[in-house]
Amino acid sequence: MRKPRDFDAELQALNDKAKQLRARKVNQLGELVIATGADALPIEQLAGALLTAGAADARAKEVWRQRGTAFFRKGGGDAGGNDRNAGEPAAGSGNT
């Protein structure tokens, strides 16, 4: 005769794993904010920037993805954020 499965224990194990993954995600997001220098922004500005990023068009998101890829390849590279508005034309670029 087979041993019956303990569904409650399996569900609890899955819930524990999900809780660990959520905690890890929150931790990684905090580390990313710090690594990019965004922790220097007031919380209202950071929230506004994230809300704007979520509503951005596909072209801007692709530019941001490319910059993010370069950021991680450099190991943090431009943490000073000299060009934070990658999806927008730079002021003063071109003809001066």
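Thresholds, definitions, all that
- Residues numbered from 1 in each chain as written.
- Predicted model: local features only at pLDDT ≥ 70, side-chain atom pairs only at ≥ 80, totals over all residues.
- Heavy atoms only, no water.
- Helix = DSSP H or I, 4+ residues; strand = E, 2+ residues; numbered from the N terminus.
- Buried < 20%, exposed > 50% of the residue type's maximum accessible area, 1.4 Å probe, protein only.
- Areas by Shrake-Rupley, 256 points an atom, 1.4 Å probe, with all protein chains shown as cover.
- pLDDT = per-residue confidence, 0-100.
- Contact = heavy atoms within 4.5 Å.
- Phe/Tyr/Trp six-rings, centres within 6.5 Å; stacked < 30°, edge-to-face > 60°.
- Expected span 1.5 Å × (residues − 1).
- Salt bridge = Lys/Arg side-chain N within 4 Å of Asp/Glu carboxyl O.
- Patch = residues over 30% accessible without salt bridge, like charges linked within 9 Å, V, L, I, M, F, W, Y side chains within 5 Å.

A. Seen up close, the overall build of the protein. Check the secondary structure of the protein and you find three helices and zero strands. Along the chain direction, N to C, the helices and strands of the protein fall in the order α-α-α. Out of the 96 residues in the protein, the part that is buried amounts to 9%. Entry remark: accessible area of the protein is about 8300 Å², with carbon and sulfur atoms responsible for 57%.

B. Structural context of the confidence of the model for the protein. For the protein, the average pLDDT comes to 83, and 78% of its residues sit at 70 or higher. Within the model, the stretch residues 78–96 combines pLDDT values under 50 with 17 contacts to residues more than four positions away or in other chains.

C. Representation of the packing of aromatic side chains within the structure. According to the stated counting rule, one finds one aromatic pair in the structure shown. Pairing phenylalanine 71 with phenylalanine 72 gives two aromatic rings, centres 5.4 Å apart and planes at 80°, and the pair type is edge-to-face. Relative accessible area serves as the criterion here: at 14%, phenylalanine 71 is assigned to the buried category.

D. Quick peek at helix α3 (residues 58–74). Here α3 is 17 residues long and its end C-alpha atoms lie 24 Å apart, about the 24 Å a rise of 1.5 Å per residue gives. Looking one or two places after α3, you find glycine 75, whose phi comes out positive at around 80°.

E. Seen up close, the pattern of salt bridges. All told, the structure shown has two salt bridges when counted by the stated rule. Two residues, glutamate 10 and arginine 5, come together in a salt bridge whose shortest N-O distance is 2.7 Å. The partly exposed category is assigned to glutamate 10, whose relative accessible area is 33%. A salt bridge links glutamate 62 to arginine 65, with the shortest nitrogen-to-oxygen separation between them at 2.7 Å. Placement of both glutamate 62 and arginine 65 in helix α3 is noted, with a separation of three residues, approximately one turn of the helix. The class for glutamate 62 is partly exposed, based on a relative accessible area of 33%.

F. Here's a closer look at a nonpolar patch on the surface. Where nonpolar side chains cluster on the molecular surface, the patch consists of Leu29, Leu32 and Phe72 and spans about 300 Å² of accessible area. Along the chain, leucine 32 turns up in helix α1 (residues 7–35).

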